[in-house]
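# Structure assessment
Read off the chains here:
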Amino acid sequence: MKKIPKTAQLIFKCIISCIFFSILLSFVQGNELLTVFANVNWPFFILSFVVTVVMLLASCAKWKIVLDLKSKKLSFVELLKIYLVGYFFSNILPSTVGGDVVRSYYAGRLIKNQAYSAVSVFVERFSGIFFLFLLVAFTPLLRFDLYSSPYIFIPSCAGLTFVGITLWVWKAQNPFRVPDICAQFIFRGFRWMATKLNSTFIEKGAQVLERMYEKLIERLQHLKKELNVAVDGIQNDPQFFWRLIYLTVLFYILTWVNVYTAFRAFNVHVDFIIICAIVPAIMLVAHVPVTLLGNLGYFESVFVLYFLLVGVGGAETLAMGLLLRLKMFSMGIVGFFTYLSYKQTHQLKIETGEETQ
C-alpha cells in the first residue's frame, strides 16, 4: 500500500485545522468571545500558567524515575531541557516527528542506550494512558447521568476495553494464541469465499485484513515486552511502583485544576466535580491525532462540544481552550529556545529523527 507523502499529510492536517476553527466560530458569536476576553481575572490567569509549569515538572519527574531504573542517572535539569525540546516538536513545529521521538533520541545519546531510552519514554507515556482510560471509564460516576450521552458512554466503553486488553496481554502466558486461532479461521473463510466466487475483491480485502492483523499483533507483542520492563522495575524496586502511581495521579489532578483555573481566569465558574467527570473523556478524544500543532482547532472543538453537554457556553469554553492553547504555545516557545542552545552539541534531523554529522 502506497504511503501518503509527508508534505501532503501536513497540508491535509492544516486544512482540517482551518475547518474546525471555522465550525467553532460559526457557533460562537465574535462579540460574545470578546466579552469573555474582556473579563480577565489576572490572579487566576497567572495561577493557570503556574499549574502548567507544575504539570510539566510532574511529567518530567515520572520520566526520570523510569529512566533511572536501568541507566546512569541523569540530572532533573538535563531531562527537563529535553522534555521542553519535545514540547516544542509536539506543539509548535509542523513536523511529523513527535516530541516522544525527540525525547527518546536525546536521552538515548546521553545514557548511550537508545533502546532503553525508547522504553523509558514508552513506560512513562503508557502509564499515563492506562490511568487515563480508567478515569474515562469511571469518573462519569461523579455525574451518573452523563453516561446517557454517547460522547461519554462510547469513550467509557473504549476505556474498559483498553484496560481489559492490557491486563490480558500482561498476565496471560500466551495472550495471542486464541486471537490468532480466531483470526486464521476468519482469513481461511475469506480465502474460501474468494476461491468459490472467483472474486479478486474479496481476496485483496482478506490480504489487507491480514496485514492489519499482523501489525496489531506486532504492536501488542511490543506492548507486552515493554510491560515486562515496567514489571521488572517494580520487582527490583518496590518503591518505584508507588512513585509512578503518585506522579501519575498528581498529573491528572493537575489537569483538572488546569481546566478549572483556565475557566476562572475569565471569571467563569464551573463545578469542579463536573470538570473531573468529563475532562478525561475530553483528553482521550481531543488527543486523537487529527491536525498539527497539538491538534490545533480540533482540540478546542472537543472542549466546546463536551462542556456544552453540561451547560457551559461555547464562548466561555472556547476562551478557556484558547488559554490552554496559549500556555501550550508558551511552553513550546521555551522549548524552542532550549532547542536552539541544545542542538549545538546534540543535532537532530527533523525529517527522520536521525543524528546529523
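The sections below set out a description of the structure shown in this document. (Residues numbered from 1 in each chain as written. Predicted model: local features only at pLDDT ≥ 70, side-chain atom pairs only at ≥ 80, totals over all residues. Heavy atoms only, no water.)

## Some details on the side chain of Ser156
- Position of Ser156 relative to the elements: it lies in helix α7 (residues 150–171).
- For Ser156, a relative accessible area of 4% corresponds to the buried category.
- A distance of 3.0 Å separates the side chain of Ser156 from the backbone oxygen of Val136, its partner in a polar contact.
- Once you skip the residues sitting within four places of it in the chain, Ser156 turns out to touch Val136, Ala137, Pro140 and Tyr147. (Helix = DSSP H or I, 4+ residues; strand = E, 2+ residues; numbered from the N terminus. Buried < 20%, exposed > 50% of the residue type's maximum accessible area, 1.4 Å probe, protein only. Polar contact = N/O pair within 3.5 Å; in protein donor to acceptor, adjacent residues only side chain to side chain. Contact = heavy atoms within 4.5 Å.)

## What about the packing of helix α3 (residues 42–67) against helix α10 (residues 238–264)?
- It is the contact of α3 with α10, at a shortest axis distance of 9 Å, that shows an interaxial angle of 160°. Taken as axis vectors, α3 and α10 run roughly antiparallel relative to one another. The hand of the α3/α10 crossing is left-handed.
- Here the contact of α3 with α10 is built from residues that sort into 17 nonpolar, 7 polar and 3 charged. (Axes fitted to C-alpha atoms, helices over the stretch in contact; angles between N-to-C directions. Parallel < 35°, antiparallel > 145°, perpendicular 65-115°, else oblique. Left-handed = near helix turned anticlockwise from the far one by under 90°. Nonpolar A, V, L, I, M, F, W, Y, C, P; charged D, E, K, R; others polar.)

## Quick notes on the packing of aromatic side chains
- One pass over the structure, following the stated rule, counts 24 aromatic pairs.
- When the centroid spacing of 5.9 Å and the interplanar angle of 65° are considered together, the rings of Trp63 and Tyr83 count as edge-to-face. Highlighted residues: Trp63 in helix α3 and Tyr83 in helix α4 (residues 76–91), separated in sequence by 20 residues. Tyr83 matches Trp63 in its accessibility class, with the two residues each being buried.
- Between the aromatic rings of Tyr151 and Tyr306, the centroid separation amounts to 6.2 Å while the plane-to-plane angle is 70°, which identifies the pairing as edge-to-face. Separated by 155 residues along the polypeptide, Tyr151 in helix α7 and Tyr306 in helix α13 (residues 298–309) bring together distant segments of the chain.
- Overall, the relative accessible area of 2% leaves Tyr306 in the buried class. (Phe/Tyr/Trp six-rings, centres within 6.5 Å; stacked < 30°, edge-to-face > 60°.)

## What about the packing of α3 against helix α6 (residues 114–138)?
- Orientation of α3 relative to α6, taken along the N-to-C sense of each, is 130°, at an axis distance of 9 Å. Between α3 and α6, the angle is such that the two are oblique. α6 is crossed by α3, and the crossing has right-handed handedness. Facing Ser59, Lys62, Trp63, Val66 and Leu67 of α3, the residues of α6 in contact are Tyr116, Ser117, Ser120, Val121, Val123, Glu124, Ser127 and Gly128.
- Split by residue class, the contact of α3 with α6 holds 6 nonpolar, 5 polar and 2 charged.

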